[in-house]
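What follows is each chain in one-letter form.
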Amino acid sequence: MQLKGKRAVVTGSTSGIGLGIARELARAGASVVINSFTDAPEDHALAKDLAAETSADVRYIQADMSKPDQCRALIEQAGGCDILVNNAGIQHVARIEEFPVEKWDAIIAINLSSAFHTTAAALPGMYAAGWGRVVNIASAHGLTASPYKAAYIAAKHGVVGLTKTTALEAAGKGITCNAICPGYVLTPIVEKQIPDQMKTHGMDRETVIKEVMLSRQPSGEFATVEQMGGTAVFLCSDAAAQITGTTISVDGGWTAL
Ligand code: NAD
């Protein structure tokens with residue numbers, strides 16, 4: 001129970017990587033706030049189930065990460081936090097000249113600006129406690145680019161820059177800030193793309209996964225949400241106290257190519 005007594009907030013954590021990280025933090029003993037923009041009974045039920053499964057204190061707080069005020073209010077309603085995981089993110093794929101302006105604005109707001117607002121709200125409490133961990137979920141696309149994902153790639157490169165500045169400002173105060181850069185992880189958002197890709201390429205599921213989705217991932221395997229959770233727990237450990245301002249790729253070798 002290495003994180004017993006620590007309070008964690010994970011943004012965008014009702015599915016996929018955020019939920020995987022919330023689960024591993026709870027299993028390590030932290031009390032955890034999970035979040036999304038909805039306020040459905042299932043959201044609160046998910047928190048209850050996670051609490052029962054891990055014996056940790058888990059609650060759900062609704063906040064829309066596209067709204068600066070709600071980002072800051074999330075931290076306030078959580079009563080501050082020792083561990084902040086900025087995970088909420090969305091995607092849109094289009095050529096730059098056809099990229100809808102509202103999609104650009106939404107991706108920059110949710111994938112990048114939300115991390116600035118939550119970090120700004122969380123840091124004073126971390127400074128007062130003399131301990132803190134900020135873990136930003138960037139992407140292999142925070143380090144490399146692909147066509148048709150301009151907003152996502154700009155936002156994720158921005159997250160890596162924000163990570164470095166946060167680390168420098170907080171250095172020597174018991175606080176670290178790092179970015180995890182996942183390659184392809186088989187979350188609901190990725191799963192949903194498979195039927196379209198099968199149609200577009202005239203391929204079966206296995207061929208699409210191998211030859212289209214994982215073509216840039218030398219391991220030929222998806223990374224898992226459990227691996228993201230394990231990496232986040234490691235970054236919160238004492239062993240990682242001098243790891244700050246950097247990126248950790250969990251991408252099956254994508255960025256080594
Ligand atoms: P997902 O769609 O399964 O999860 C995204 C979460 O964000 C959901 O819980 C959703 O409710 C929440 N969310 C969306 N908009 C929100 C808003 N306005 N306010 C609050 N919450 C909101 O996706 P995922 O694959 O788990 O992605 C999580 C993070 O990991 C994202 O930042 C994504 O860019 C990053 N990532 C994912 C992959 C991958 O292959 N899946 C790879 C690299 C990076």
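See the structure above.
Residues numbered from 1 in each chain as written. Predicted model: local features only at pLDDT ≥ 70, side-chain atom pairs only at ≥ 80, totals over all residues. Heavy atoms only, no water.

Student: I tried to follow the packing of helix 3 (residues 68-78) against helix 4 (residues 101-129) on my own but got confused; where do I start?
Tutor: To describe two helices that pack against each other, one gives the angle between their axes and the distance between the axes. Following both chains from N to C, one finds helix 3 and helix 4 inclined at 35 degrees, their axes separated by 8 Å at the closest point. In terms of crossing hand, the pair formed by helix 3 and helix 4 is right-handed. For the pair helix 3 and helix 4, contact is made by Pro 68, Cys 71, Arg 72 and Ile 75 and by Ser 114, Phe 116, His 117, Thr 118, Ala 120, Ala 121 and Ala 122, respectively. (Axes fitted to C-alpha atoms, helices over the stretch in contact; angles between N-to-C directions. Helix = DSSP H or I, 4+ residues; strand = E, 2+ residues; numbered from the N terminus. Left-handed = near helix turned anticlockwise from the far one by under 90°. Contact = heavy atoms within 4.5 Å.)

Student: Can you walk me through the packing of helix 1 (residues 16-27) against helix 2 (residues 41-54) in this structure?
Tutor: Running from amino to carboxyl end, helix 1 crosses helix 2 at an angle of 35 degrees, the nearest separation of the two axes being 9 Å. Remark: the crossing between helix 1 and helix 2 carries right-handed chirality. Seen from helix 1, the contacting residues are Leu 19, Ala 22, Arg 23, Ala 26 and Arg 27; seen from helix 2, they are Leu 46, Leu 50, Glu 53 and Thr 54. The residue inventory of the contact of helix 1 with helix 2, partitioned by class, reads five nonpolar, one polar and three charged. (Nonpolar A, V, L, I, M, F, W, Y, C, P; charged D, E, K, R; others polar.)

Student: Any chance you could explain helix 9 (residues 225-235) here in plain terms?
Tutor: Think of an α-helix as turning once every 3.6 residues; residues three or four places apart then point the same way. Every buried residue belonging to helix 9 is among Val 225, Met 228, Gly 229, Thr 231, Ala 232, Val 233 and Leu 235, and all of these are buried. Considering only its buried residues, helix 9 is in contact with helix 1, strand 5 (132-137), strand 6 (175-182) and strand 7 (247-250). (Buried < 20%, exposed > 50% of the residue type's maximum accessible area, 1.4 Å probe, protein only.)

Student: In this structure, what is going on with the pairing of strand 4 (residues 83-86)? I would like to understand it.
Tutor: In regular strands, side chains alternate between the two faces of the sheet. Of the two faces of strand 4, the one lined by Ile 83 and Val 85 and the one lined by Leu 84 and Asn 86 are each fully buried. With three bridges joining them, strand 1 (residues 7-10) and strand 4 adopt parallel strand pairing. Residue pairing for strand 4: Ala 8 is matched across the bridge by Ile 83. Of the crossover connections in this fold, the one passing from strand 4 over helix 4 to the parallel strand 5 is right-handed. (Pairing = 2+ DSSP bridges. Right-handed = clockwise from strand over helix to strand, strands pointing away.)

Student: How do you make sense of the sheet that holds strand 4 when you look at a structure like this?
Tutor: Within a sheet, neighbouring strands are paired by backbone hydrogen bonds and run either parallel or antiparallel to one another. Pairing in this open sheet of seven strands is parallel, and the strands run 3-2-1-4-5-6-7 from one edge to the other. Both edges of this open sheet fall to strand 3 (58-62) and strand 7, since each of them pairs with a single strand only. Each strand of the sheet is rotated relative to its neighbour by a mean of 20 degrees, with strand direction disregarded. Here strand 5 pairs with strand 6 via six bridges, running parallel. Considered in strand 6, the bridge of Val 134 is made with Cys 177.

Student: It is not clear to me how the site of the ligand should be interpreted in this structure. Could you clarify?
Tutor: Within the structure, the ligand sits among 31 residues, and Ser 15, Ser 36, Asn 87, Tyr 152 and Thr 187 are positioned closest to it. Between the ligand and Ser 15 there is a distance of 2.7 Å, counted from an oxygen atom to a side-chain nitrogen or oxygen. A distance of 2.9 Å separates an oxygen atom of the ligand from a polar atom in the side chain of Lys 156. Summarising the interface, the protein chains cover 90% of the accessible area of the ligand, which totals 830 Å² for the free molecule. Elements that contribute at least two residues to the shell around the ligand include exactly helix 1, strand 2 (31-36), helix 5 (150-170) and helix 6 (188-191). Of the residues in the shell around the ligand, the class split is 16 nonpolar, 13 polar and two charged. For the shell around the ligand, the two domains that each supply at least three residues are domain 1 (7-185 + 223-256) and domain 2 (186-221). (Near = heavy atom within 4 Å. Polar contact = N/O pair within 3.5 Å; in protein donor to acceptor, adjacent residues only side chain to side chain. Areas by Shrake-Rupley, 256 points an atom, 1.4 Å probe, with all protein chains shown as cover. Domains from an automatic or database assignment.)

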